[in-house]
Amino acid sequence: MAIAKGEGGVNRAEQTASPILRMEGVSKRYGGVRALANADLTVFAGRIHAVLGENGAGKSTLIKILAGVVTPDSGRIVLDGAEVAFDSPAAANRAGIVCIFQELSLIPDLSVADNVAISNPPRRLGMIDRRAQRRLAEDALERAGAPDIHPMALVKDLPLSRRQMVEIAKALARKPRVLILDEATSALTAADVAKVFVVLKRLRQEGLALLFISHRMHEIAELADECTVFRNGANVATYAAGAKSDNEVVEMMIGREYSHVFPPKPPPRPAGATPLLEVRNLSWADRLRDISFTAEAGEVVGLGGLDGQGQRELLLALFGVLRGVSGEIRVAGVPASPSSPHAAKAKTIGMALIPEDRKTEGLMLPMSVRENLSFAALPRVSRGGVIDSAREQGLVGEMIDLLDINTAGTDAAAGSLSGGNQQKVVIAKWLMAEPRIILLNDPTRGIDVGTKQEIYRLLRRLADQGAAIVFYTTDYDELIGCCDRALVLYDGAVRRVLRGADITERALIASALNIGTEAPVAAGEGSAP
Amino acid sequence: MSDWRYWLGQNRGTLLAFFFFIAMFAIYVSNHPAGFSANVVQTAANKGVLLALVAMAQTFVVITAGIDLSVGMVFVLTNCLASWIVVGTGWSAALGVAGVLLTGLACGAINGLIVIYGRLQPIVATIATGAVYFGFALLLRPVPGGDVYGPLADALTGRVFGVLPASMVALAAVVLVVWIPYSRSAVGRAAYAVGSSETAAYMSGVPVGAAKFCAYLLSGLAAALGGLFLTFVTYSGEASAANGNTYTLFSIAAVVLGGVSLFGGSGSAIGAVFGALMFRTIGDLLFVFNLDPLWQPLFQGLVLLAAVCVGSARLFQVRNRLELFP
Amino acid sequence: MSEGTQARSTGAFLRRIDPPVAIAFGCVIAMLLLGSLYSRSFLSPEYLLQQLKVASFLGVIATGTMIVILLGQIDLSIPWVVAVGGMMSTAATGWGPVGEAMAIPFGVACGVVLGLFNGFGVAYLRIPSMIITLAVNAVAQGLMVVHTGGFSPQDASSPAMRALATGELLFGLPNALIVWAAVGAGAIFLLNRTTFGRAVYGIGNRERAAYLSGIDTQRVVLIAFALAGGLSAFGGVLLAGYASKAAQAMGDAYLLPAIASVVLGGASILGGRGNYLGTVAGVILITLLQSILSVVQMPEAGRQITYGVVIIAMLLLYGRESRAR
């Protein structure tokens, strides 16, 4: 059970009688959407408390309320026995509650030292005491396990994993009593994750209360003392870590019997004459190193590995978004080097990219569903530049039926749709352009389970119809269930290629962490030695 | 990387502006018929300081990712007001100066309130307030005229120790007393934070509203200092819309030349000052090279065009095009 | 139609009207009524037609401004592109019969060229539109100063220009108004019925998503600025026709009104939102405001102040950004 947790876990028998923080009956509504419904949460000092739940279950809203970013519609927050209300992040900080957000709260144009001390800089004669500030920053960076970061470096010049470490240092500099981490390790390299864990365990020993949201079961297993599962805006279960099996936890998260249903995969095809997509020695900056792989028509190729190993960059490079890409790309045997998405979309290449963030990259939220749907296929619904409304309406209607998009009419704003339906609109938009190579960047992130299943079936159907699909996902089950082949990336290079039945969680994790060299990379695939 | 390298990187814009200005000014005085004489420098300084002060005003707002299209009109308004009240005895002139500066602060406050609490976009809000300020300027001076307290005017437009232009000394004093403390204060840094990323600033507990308001206040103050100085130079007040618009637009040019980012979050008023001086020197260069003054506006425009094109050349280093679309 | 369906279709029609457009037109009517309290002639057809004629010049210019603002950009080169249009077309008139015949297209073409510089800078060099249009404005001014030698331009407008601006061909309707109506119809068609217009709204809403959807955003921005330049210059051509000649700084008085008209018509200065009818309302509103202020013989000072206050007041009514939380 949880007692033997390595160094530092507070013995359950000695726990403090009263919790440091209690949330009771907290509710929050955003328009017609109920983000939190009478949610409760109890947090003790000197303990690490994990919060799990699907996207949309209310975890982020709960954290934002605690951190003072949003105000609850009802309910109370009790800190150290006294009721409190925060109307801004500054107020929450003053009370000792500090949150490390997923979207970083660092100021890009300011230095690391400025950022670390931003909410309460040391002052002298009314001006900021730069030397004291620098010492503060250096101390905080040391505590966070990142003493190599120079305090004068500008945040915008740092890579994402370093920025996350600065974010952690900044939180520590505020001397929190309650530290909240909202998926704070998602951008870190494996080495940094280990360092952060050491820091968190030490903080627990020092008596901090830690609240952390994560999807990663192994992190929770290693760190947490207790867990709470959220579903549909309410706390459905709180239990000591290790008391429930992973399956039980997932069932609590989705509220019903859990069965990952993937459409059946066809038997591996014999290699066709020319693969639809061929990539050779693709390199870019220092994020992509010498990547080579192929994708046949009818094949679903998955990109796996830890976050930030180059998967997103690979998709962007294929789609023409990156400059200075070296290497060779061939589509159906013909050399292609798209210099922009506009070129990649052209009939001669026929690529589509379902981007990472549907709200800022996939859709124009204030515009109507119809306008969004036809946006990538405007030539199909127009003649000589003039839009043919009838044709547009017809094609739009077809797509809505095909993907079963739930919308209050085609003129409804795209922003009024649920997350899953919004993603369907993004996919449908690209299907209208009739692509032959479909790239997807984490397409099922933040989507309800039902829609996920629909997307899996759709991808398999598209592959059966002859498209080549390359898709990046952070979900191992998807890699195992959907893909004919999986490429595991590590540090910008293809570490391992797994096929068919070889795609197992163990193999994926091992390759992701760059452990072991069981099966050598097949000749002609992966990276050049 | 050593500290020195970081400092260089962060202040690159300002340093470039400084070097370009020195280079241009050197060319100017070396080709001037009267040579590097105190007179030449004094005249140039007086003209340059006017734009430098308005450029400083613009910088305060641009750092917060805003824009103030009313600075030129505040400049004109305070000029007209000064020509009325900065007169008489030493004491009444001093009170007049205070009144002028307070008016500048008030204009800045109005701009700030409308942008922050009215939640209007700065570009449209300041176009409208500019019209209002100009209207008041017209009320004060329907025709050019007025006077100013002689001793003060002469002192500030003359020379110190017989050599240094007093206007430059005064400008340096303003930078030391207003800009440096501001840029190193918490509220100044908050302004940079807000301009760089308002959401991140809010999440970090930075006082967004206070930072913006302070920026607009100081903008009004700096513009008022400029208007005051204009009165000292011209000994009169004139409600000229053309002049006001010119100064507004040139202040934006000076700010860009000085390495301040129009997107907010970086740059320094010192850079903007050098940008303004650079811009003024360009016009004077035409004079010394005996170019027809007819060609001056074109030359200034072409230099501005070239400067912004070169300034954006850094964007060609962008590897991921998505960064071009924030 | 039965009463039920009639009521429903009226309801649907009302729901489709943008609130800012309705408010803007409402203010126009309110202003006319207020003015009529001062003098009955405010509601006379002659006065209204005269106002519409004067509004046409601003209307043509504001059409180009609107397209640029819809993209999320701004065009500060209006003052001197307008002047270029006026001065170049009058200059061409003086170049013999061929010049005279081509005066109008030539003036517009000059504006298009300047607009292309703007568009190139914004789209390909990623220079903020505020600064590149400012620079182009300064260059245009420099060119015109050299061209006119610093004096008032002496060239006269061609008969065609005068006819367009001052003539009355159809049923006593001013030609200028018909020109504006044609330009406006073209704009409405372009924005609502073409792929270009769709792309403009998309880019203004979320350029990143438009780019990732495979739209050639650079070309759209380039064309939009070229159009704006051409329309500003065309406004200058009409103004020169109206006054029979061009004048120094003839465009200076049109920058603020053009931007204000677009914004008062409900378009968001950040882009992606706006209806051409709103711009029409905004143009008429501004023109009426200026006219009423001059008829009641308010001195220039009062006019400026009223102008600014009215714009702020109306923007506070419906131009506010939503709260962060």
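Each remark here, short or long, concerns the structure printed above.
Residues numbered from 1 in each chain as written. Chains lettered and ligands numbered in written order. Predicted model: local features only at pLDDT ≥ 70, side-chain atom pairs only at ≥ 80, totals over all residues.

Novice: Got a minute to help me understand the overall build of chain C in this structure?
Specialist: Across its full length, chain C carries 15 helices and 2 strands. Over its C-alpha atoms chain C spans a radius of gyration of 20 Å, differing by no more than 12% from the 20 Å that the globule rule assigns to 325 residues. The C-alpha extent of chain C, read off along each of the three principal axes, is 65 × 55 × 45 Å. Across the 325 residues that make up chain C, the buried fraction comes to 58%. Of the contacts made within chain C by residues no fewer than 6 positions apart, 77% connect residues no fewer than 24 positions apart. (Helix = DSSP H or I, 4+ residues; strand = E, 2+ residues; numbered from the N terminus. Rg over C-alpha atoms; globule rule 2.2 N^0.38 Å. Buried ≥ 20, exposed ≤ 12 C-beta atoms within 10 Å, placed from the backbone. Contact = placed C-beta atoms within 7 Å.)

Novice: How should the overall build of chain A be read in this particular structure?
Specialist: A count of helical and extended segments in chain A gives 17 helices and 25 strands. Expressed as a percentage of its 529 residues, the buried residues of chain A come to 50%. Considering only residue pairs separated by 6 or more positions, chain A has 69% of its internal contacts joining residues 24 or more positions apart.

Novice: I tried to follow the interface of chain A and chain B on my own but got confused; where do I start?
Specialist: One widely used convention gives an interface's size as the accessible area the parts lose upon coming together. Listed per partner, the contact involves 31 residues of chain A and 27 residues of chain B. Listing elements by their share of the side of chain A that touches chain B, those giving two or more residues are α2 (89–94) and β8 (127–128) of chain A. If one sorts the elements of the side of chain A that touches chain B by residue count, α2 of chain A sits on top with 3 residues. In terms of residue class, the side of chain A that touches chain B is built from 20 nonpolar, 7 polar and 4 charged. (Nonpolar A, V, L, I, M, F, W, Y, C, P; charged D, E, K, R; others polar.)

Novice: Honestly, the pairing of strand β16 (residues 326–331) of chain A in this entry has me stumped. Any pointers?
Specialist: It is a general feature of regular strands that their side chains alternate between the two faces of the sheet. Residue and element names in this part refer to chain A. Two strands pair when backbone bridges link them, and strand β13 (residues 277–284) and β16 are joined in this way by 5 bridges, in the antiparallel orientation. Paired with V279 across the bridge in β16 is I329. Two elements, β16 and strand β17 (residues 334–335), share 2 bridges in a ladder whose sense is antiparallel. Residue pairing in the sheet places V331 in a bridge with V334 of β17. The antiparallel pairing of β16 with β17 creates a hairpin that spans 2 residues between the two strands, and A332 there sits at a positive phi of about 55 degrees. (Pairing = 2+ DSSP bridges.)

Novice: How should I be thinking about helix α9 (residues 311–318) of chain A in this particular structure?
Specialist: Owing to its 3.6 residues per turn, the α-helix brings residues three or four apart onto one side. Residue and element names in this part refer to chain A. The element α9 is extensively covered by neighbouring structure, given that 7 of its 8 residues are classed as buried. Inspection of α9 places Q311, E313, L314, L315, L316, A317 and L318 among the buried residues, and these make up the whole buried set. Looking at the residues trailing α9, positive phi occurs at G320, about 90 degrees.

Novice: Is there a simple way to think about the nonpolar core in this case?
Specialist: General note: in soluble globular proteins, nonpolar side chains tend to be found buried as a group. A169 and L439 of chain A, A137 and V273 of chain B together with V84 and V200 of chain C are the most contacted members of the largest nonpolar core, which totals 396 residues. Once residues lying within four places of it in the same chain are set aside, the contact partners of V200 of chain C are I67, L70, L71, L191, V220 and A224 of chain C. (Core = buried A, V, L, I, M, F, W, Y, C linked by C-beta atoms within 7 Å.)

Novice: Honestly, the interface of chain C and chain B in this entry has me stumped. Any pointers?
Specialist: Taken together, the contact between chain C and chain B spans 43 residues of the former and 42 residues of the latter. Breaking the side of chain C that touches chain B down by element, the ones donating at least two residues are α7 (129–148), α11 (207–212), α13 (255–264) and α15 (300–318) of chain C. Looking at the side of chain C that touches chain B residue by residue, the class counts come to 29 nonpolar, 8 polar and 6 charged.

Novice: I keep staring at the packing of helix α3 (residues 38–63) of chain B against helix α4 (residues 71–85) of chain B and nothing clicks. Help me out?
Specialist: Think of two packed helices as two axes; the pair is described by the angle between the axes and how far apart they sit. Residues and elements named next belong to chain B. One way to put it is that α3 packs onto α4 with a least axis distance of 10 Å and a crossing angle of 130 degrees. Taken together, the axes of α3 and α4 are oblique relative to one another. Along this stretch, α3 crosses α4, giving a crossing that reads as right-handed. Packed against α3, whose contacting residues are V54, A57 and Q58, the element α4 presents V71, G72 and F75 at the interface. Looking at the contact of α3 with α4 residue by residue, the classes come out as 4 nonpolar, 2 polar and no charged. (Axes fitted to C-alpha atoms, helices over the stretch in contact; angles between N-to-C directions. Parallel < 35°, antiparallel > 145°, perpendicular 65-115°, else oblique. Left-handed = near helix turned anticlockwise from the far one by under 90°.)

Novice: It is not clear to me how the packing of α4 of chain B against helix α5 (residues 90–116) of chain B should be interpreted in this structure. Could you clarify?
Specialist: All names here are of chain B. At a minimum axis separation of 9 Å, α4 and α5 run at an interaxial angle of 155 degrees. The pairing of α4 with α5 is recorded here as roughly antiparallel in orientation. Here the hand of the crossing between α4 and α5 comes out right-handed. Residues V74, T78, L81, A82 and I85 of α4 form the contact with α5, whose participating residues are G96, G99, V100, T103, G104 and C107. Looking at the contact of α4 with α5, its residues break down into 6 nonpolar, 5 polar and no charged.

Novice: Any chance you could explain helix α12 (residues 217–243) of chain C here in plain terms?
Specialist: The terminal C-alpha atoms of α12 of chain C lie 39 Å apart, and with 27 residues this matches the ideal 39 Å at 1.5 Å per residue to within 8%. Buried residues dominate α12 of chain C, accounting for 23 of its 27 residues. (Expected span 1.5 Å × (residues − 1).)

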